[in-house]
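Fold and geometry: a report
One-letter residues, chain by chain:
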Amino acid sequence: MMTQEHSLKKEACVSYTGKCMNVDLSNGRHEIQATDRTLLEAYLGGKGLGFALLEKYAPNPDPLGPENPLIFVNGPFTGSQVQTSARTCVVTKSPLTGSIHDSHCGGRFGPRLKAAGYDYVFITGKSVSPVYLYITPEGLEIKDASRLWGKGIFQTNDVLIEQHPGMEPRVACIGPAGENLGRIACIGVDRDRQYGRGGVGAVMGSKNLKAVVVDGNEPIVYHDEERFSDLNKKLTKDILTNEGVIYRRQKGTMKWIRLAQEYEFLPTRNFQKCVFDGFEKISSEACREELGWQDVGCFNCAIRCSKVAKWNGHEMEGPEYETTAFLGSGCEIADAKDVATANFICDDLGMDTISAGVTCSFAMECYEKGLVDDWNGLDLSWGNASAQQEFLRKMAFRQGVGEIFADGTRLAAQKIGKGSREFAINIFGMEISGVNPLGCLTMGVALSVADFGSHTRLWLTEAEMGPGFTIEDIPEAVAAGLDTINIRNCMIVCDFVPSGLPDLVPILNAATGFEHTVDSLMKIGTRLTHLARRYNLRNGRKFT
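This write-up is about the structure you can find in this document.

Right, let's talk about the overall build of the chain for a bit. If you tally the helices and strands in the chain, you get 21 helices and 18 strands. Relative to the globule expectation of 24 Å for 544 residues, the C-alpha radius of gyration of the chain, 22 Å, shows essentially globular dimensions. Seen along its three principal axes, the alpha-carbon backbone of the chain occupies a region of about 65 × 60 × 45 Å. In the chain, the proportion of contacts linking residues at least 24 apart, taken out of those at least 6 apart, comes to 70%. Total accessible area on the chain is roughly 19700 Å²; 49% of this is exposed by carbon and sulfur atoms. Positive and negative side-chain charges in the chain, numbering 57 and 67 respectively, have mean positions lying 2 Å apart.

Quick look at the structure:
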């Protein structure tokens, strides 16, 4: 395939590659261009750069149309020596919400994309047949994926890794849920990681794009390497000695099952309750015992919050807190292995475990109330794990009753009617995550006003639990918090890094050559909040 490569800007910032790739699957063409420095100065990278690109080139696309871009985009920290530099994101217009959307991921895909030499890959169009992309410093190959169509994420990942041994290839791919345009479909990375929320897998499936494989060994150059190294060593030491990090390494994100139970915000029985009698059986301690957890980390991460589980012949990373809260307590399932099995099904078939879990609990309430005539023989009573697992498969393949629920709770409630909308728990179509807002008012506000209703926009449970926090503190805490997380998602740095912007700004400047302050970055965060709100209002963000 011919490649058109434009001359790259000599003034491109360091810690970036200075290059981007545009791919049009409709005609099979691509071009390599210089990354726009003005956009980097205005939005840094990651979420900010992706949102700016979407606003500029696709202000009002059909989410499942060829004109809707799928943008794999890194930040200045991605792939660097900074702790948690695995983080990367996908930006698109969500088919689940109709809103602007960013979905973040760990693992090793983002660092390999930067090592391939690209700040981002901007994909539009639709291939006439299934394809995958193979991206290296030498350019792009668009390759046939017909034999992979219909396969799960695990098999697809393994086949492509074997086919492209290279240096350290990494794969982002979809499963049957994405191929069938399920609006809660995710993109799987490194088998066990996901760009999880908002139906990004359906956008990929709508393009007949099965996978993206990236590989390379392009080095990262820093503006002031000596200062960057010194600051980064201190940051790393601060992270490794932080008590919260040490506790997280031991318990994982699953620490929140016990804490949410104690503080009464654990989603239970489709958000009808805030505590779950069976929580001990799905706690972090139960998972370590029942699933034989082993601590692992993403690329360049010493926090090691992830856990490898092995049970009944299965192996995967997980389950995480969100998965367990919604596939577990949300459905009143009190068995660590049952939750892990449901997690395994979602990961392989390519469904967001949060939206899938909330949709399952919504379906169980519909079953309890007798609102659907034909359940295909499934007994979706509360706590029935085997029925839940079969129901998940039906959702992914749009089979039988699964067709009703394959696109999440909002569209399912529209199909079912009969008052079901009253307990279809979503915000503008996005199944809410993290907490039951009945027990955590601050999170309810944050979920409602964020660019989409997810705990990843802002996590304020500790603040609300802390001494001296009052209801009057909520507006400022939410507004400042959303703008701050915007900046972290532009850099990109993991939410679990316990350091604030005053510690991160000097490292950013040493890496890039920018001269930012906390105030200048907060202005970017606010600018990004306003951009997202304009985009969503223009695209008709609404409840129905």
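In this section: the packing of aromatic side chains. In the structure shown here, the tally under the stated rule is 16 aromatic pairs. Between Trp 311 and Phe 344, the ring centres sit 6.2 Å apart and the planes meet at 85°, which makes this aromatic pair edge-to-face. Remark: Phe 344 occurs in helix α12 (residues 336-349) and Trp 311 occurs in strand β15 (residues 306-311); sequence separation between them is 33 residues. A residue is classified by how much of its surface remains accessible, and Trp 311, at 4% relative accessible area, is buried. Measuring from centroid to centroid gives 5.3 Å for Phe 391 and Phe 405, while their planes differ by 70°, and the two rings are edge-to-face. Here the residue Phe 391 occupies a position in helix α14 (residues 385-397), and Phe 405 occupies one in helix α15 (residues 402-405), the gap between them amounting to 14 residues. Given the relative accessible area of 0%, Phe 405 is considered buried. Of the aromatic side chains, those joined through ring pairs into one cluster are Phe 362, Tyr 367, Trp 375, Phe 391, Phe 405 and Phe 423. Cation over ring: Lys 19 sits above Tyr 118, and NZ or CZ is 5.0 Å from the ring centre. One Lys or Arg, Lys 210, reaches over the ring of Trp 149 and ends 6.0 Å from the middle of that ring.

Moving on to the pairing of strand β7 (residues 120-124). Burial analysis of β7 places five of its five residues in the buried class, which makes it a mostly covered element. Neither face of β7 is left uncovered, since the one carrying Tyr 120, Phe 122 and Thr 124 and the one carrying Val 121 and Ile 123 both have all their residues buried. By the bridge criterion, five bridges tie strand β2 (residues 19-24) to β7 in an arrangement that is parallel. The residue bridging Asp 24 from the neighbouring strand is Thr 124, located in β7. Two strands pair when backbone bridges link them, and strand β4 (residues 70-73) and β7 are joined in this way by four bridges, in the antiparallel orientation. Counterpart to Ile 71 in the pairing with β7 is Phe 122.

To continue, consider the sheet that holds β15. Pairing is antiparallel in the open sheet, where three strands are placed in the order β14-β15-β16. This sheet does not close on itself; its edge strands, each paired only once, are β14 (294-296) and β16 (314-317). With strand direction ignored, the average angle separating the axes of adjacent strands in the sheet is 25°. Pairing of β14 with β15 involves three bridges; the strand directions are antiparallel. Of the residues in β15, the one forming a bridge with Val 296 is Ser 306.

A few words now on unusual backbone geometry. Omega for the bond connecting Gly 318 with Pro 319 falls within 30 degrees of zero, at -5°, which places this linkage in the cis form. Inspection of the secondary structure assignment puts Pro 319 in the loop between β16 and α11 (321-327). In the segment running from Met 491 into Ile 492, the intervening peptide bond is cis, with an omega of -5°. Position of Ile 492 among the secondary structure elements: in the loop between α19 (474-491) and α20 (501-512). Unusually for a residue other than glycine, Arg 191 sits at a positive phi of about 70°. Here Arg 191 lies in the loop between β11 (187-189) and β12 (193-195). One non-glycine residue, Asn 300, adopts positive backbone phi at about 50°. Among the structural elements, Asn 300 can be located in the loop between β14 and β15.

This part is about the pairing of strand β8 (residues 131-136). Here is the key point about a regular strand: its side chains alternate between the two faces of the sheet. Counting buried residues in β8 gives six out of six residues, a clear majority hidden from the surface. The alternating pattern of β8 places Val 131, Leu 133 and Ile 135 on one face and Tyr 132, Tyr 134 and Thr 136 on the opposite face, and all of these are buried. Linking β8 to strand β9 (residues 139-144), which pair antiparallel, is a turn of two residues.

Now for the sheet that holds strand β13 (residues 209-214). With respect to topology, six strands assemble into an open sheet ordered β9-β8-β13-β10-β11-β12, the strand pairing being mixed. The open sheet has two edge strands with one neighbour each: β9 and β12. Across the sheet, the mean angle separating the axes of adjacent strands is 20° when strand polarity is ignored. Bridge count between β8 and β13: five bridges; the pairing is parallel. Looking at the pairing, Leu 133 lines up with Val 212 of β13. Packing of helix α4 (residues 153-163) onto the sheet brings it into contact with β8, β9, β10 (170-173), β11 and β13, and relative to β10 it is tilted by some 145°.

Moving on: the environment of Ile 142. Within the secondary structure, Ile 142 is located in strand β9. Distance from Ile 142 to Leu 209, taken between C-alpha atoms, is 9.8 Å for residues 67 residues apart in sequence.

Conventions we followed
Residues numbered from 1 in each chain as written. Predicted model: local features only at pLDDT ≥ 70, side-chain atom pairs only at ≥ 80, totals over all residues. Heavy atoms only, no water. Helix = DSSP H or I, 4+ residues; strand = E, 2+ residues; numbered from the N terminus. Rg over C-alpha atoms; globule rule 2.2 N^0.38 Å. Contact = heavy atoms within 4.5 Å. Areas by Shrake-Rupley, 256 points an atom, 1.4 Å probe, with all protein chains shown as cover. Lys, Arg positive; Asp, Glu negative; His and termini not counted. Charge placed at Lys NZ, Arg CZ, Asp CG, Glu CD. Phe/Tyr/Trp six-rings, centres within 6.5 Å; stacked < 30°, edge-to-face > 60°. Buried < 20%, exposed > 50% of the residue type's maximum accessible area, 1.4 Å probe, protein only. Lys NZ or Arg CZ within 6 Å of the ring centre and 35° of its normal. Pairing = 2+ DSSP bridges. Axes fitted to C-alpha atoms, helices over the stretch in contact; angles between N-to-C directions.

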